Amino acid sequence: VLPELVGDSTSYQIADVTAVTADSDGRLWIGKRNGAVYVVEDGALIQCDKAGPLRRHRVDSIVGDGAGGVWAASSYGAGVAHFRSSQDLVCYDAEREGVIPARVSAMAIGPEGTIFFASAGAQDGVGVVEYDGETFEKVEGVASGPISAMCFDQDGRMWLGSEEGLTVYGRD
């Protein structure tokens, strides 16, 4: 699929986009309703390995990892995928890892460069999980209800959005 010039922007002929982000190298990463993940490299739209846990599940959240790759997740119980490049995929299954929320609704990179996953469902009983590159650990003191959005501010505080409102958590 080649880019199409539209005014001062470029448009890609790709339907059912559900998530999008740019990585630290400036590449655009796209998640689709069918679980496919694409990256735009040198103007070309490339489909990444689709054999991971997101296959046949909508990509609901995608976030750059700070090292040129992205994390992608679904709120449909599909686990999470770490695309370290367009063809280097590491998959994490909620059941196998034991602590990842089965339904990941939001992700954010924390102040130390670790990744945080938020739960879409109260039935997960998880709330927020932090992954430091080696282990997944539940963040204590964070509500375990459904979280729809999350981010960190310049002071390292974690902001969580849900149906109940917006909550901020300070970090030690």
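Preceding block: the structure.
Enquirer: So what exactly am I meant to see when it comes to the overall build of the protein chain here?
Expert: In terms of helices and strands, the protein chain carries 1 helix and 17 strands. In the protein chain, which comprises 172 residues, the proportion classed as buried is 47%. Within the protein chain, contacts between residues separated by at least 24 positions form 38% of all contacts whose residues are at least 6 apart in sequence. Entry remark: accessible area of the protein chain is about 8,700 Å², with carbon and sulfur atoms responsible for 45%.

Enquirer: Any chance you could explain the sheet that holds strand β12 (residues 115-119) here in plain terms?
Expert: Strands in a sheet are paired, the pairing made by backbone hydrogen bonds, and the direction either parallel or antiparallel. Strand order across the open sheet formed by 4 strands is β11-β12-β13-β14, with antiparallel pairing between neighbours. On the outer flanks of this sheet lie β11 (104-109) and β14 (136-138), each paired with one strand and no other. Going across the sheet, the axis of each strand differs from the next one's by a mean of 25°, ignoring polarity. Two elements, β11 and β12, share 5 bridges in a ladder whose sense is antiparallel. Bridge pairing in β12 places Ala108 opposite Phe116.

Enquirer: Sorry if this is basic, but what is going on with a negative patch on the surface here?
Expert: Together, Asp132, Glu134, Glu137 and Glu140 give the surface a local cluster of negative charge. Tracing the sequence through the fold places Asp132 in the loop between β13 (128-131) and β14.

Enquirer: Honestly, the sheet that holds strand β3 (residues 17-22) in this entry has me stumped. Any pointers?
Expert: Here we have 4 strands laid out as an open sheet, ordered β3-β4-β5-β6, and antiparallel in their pairing. Every other strand in the sheet has two partners, leaving β3 and β6 (44-47) as the edge strands with one partner each. Neighbour to neighbour, the strand axes of the sheet diverge by 25° on average, direction disregarded. With 4 bridges joining them, strand β4 (residues 28-32) and strand β5 (residues 37-41) adopt antiparallel strand pairing. Its bridge partner being in β5, Trp29 is matched across the sheet by Val39.

Enquirer: So what exactly am I meant to see when it comes to the nonpolar core here?
Expert: One broad rule of soluble globular proteins: the nonpolar side chains tend to lie buried together. Residues Trp29, Val37, Ile62, Ala72 and Phe83 are the most contacted members of the largest nonpolar core, which totals 14 residues. Taken together, the elements giving at least two residues each to this core come down to β5, β8 (70-73) and β9 (80-85).

Enquirer: Looking at this structure, how should I read the environment of Asp65?
Expert: Within the secondary structure layout, Asp65 lies in the loop between β7 (61-64) and β8. Since its relative accessible area comes to 15%, Asp65 is described here as buried. When the C-alpha positions of Asp65 and Gly113 are compared, they lie 7.7 Å apart, and in sequence the two are 48 residues distant. Non-local contacts of Asp65, meaning those with residues more than four positions away in its chain, are made with Val70, Trp71, His82 and Ile109. There is a polar contact of 2.7 Å between the side chain of Asp65 and the backbone nitrogen of Ala67.

Enquirer: Sorry, what's going on with the pattern of salt bridges here?
Expert: Any two side chains of opposite charge can pair, so long as their charged atoms come close to each other. In total, this model carries 8 salt bridges according to the counting rule given. With a closest N to O distance of 2.8 Å, Arg27 and Asp23 form a salt bridge. Judged by relative accessible area, Arg27 falls into the buried class, the value being 18%. The class for Asp23 is buried, based on a relative accessible area of 7%. Here Arg84 and Asp88 are joined by a salt bridge, their closest N and O atoms 3.2 Å apart. Under the relative-accessibility criterion, Arg84 is labelled partly exposed at 44%. Where salt bridges share partners, they join Asp23, Asp25, Arg27 and Glu41 into one cluster.

The rules behind these values
- Residues numbered from 1 in each chain as written.
- Predicted model: local features only at pLDDT ≥ 70, side-chain atom pairs only at ≥ 80, totals over all residues.
- Heavy atoms only, no water.
- Helix = DSSP H or I, 4+ residues; strand = E, 2+ residues; numbered from the N terminus.
- Buried < 20%, exposed > 50% of the residue type's maximum accessible area, 1.4 Å probe, protein only.
- Contact = heavy atoms within 4.5 Å.
- Areas by Shrake-Rupley, 256 points an atom, 1.4 Å probe, with all protein chains shown as cover.
- Pairing = 2+ DSSP bridges.
- Axes fitted to C-alpha atoms, helices over the stretch in contact; angles between N-to-C directions.
- Patch = residues over 30% accessible without salt bridge, like charges linked within 9 Å, V, L, I, M, F, W, Y side chains within 5 Å.
- Salt bridge = Lys/Arg side-chain N within 4 Å of Asp/Glu carboxyl O.
- Lys, Arg positive; Asp, Glu negative; His and termini not counted.
- Charge placed at Lys NZ, Arg CZ, Asp CG, Glu CD.
- Core = buried A, V, L, I, M, F, W, Y, C linked by side-chain atoms within 4.5 Å.
- Polar contact = N/O pair within 3.5 Å; in protein donor to acceptor, adjacent residues only side chain to side chain.

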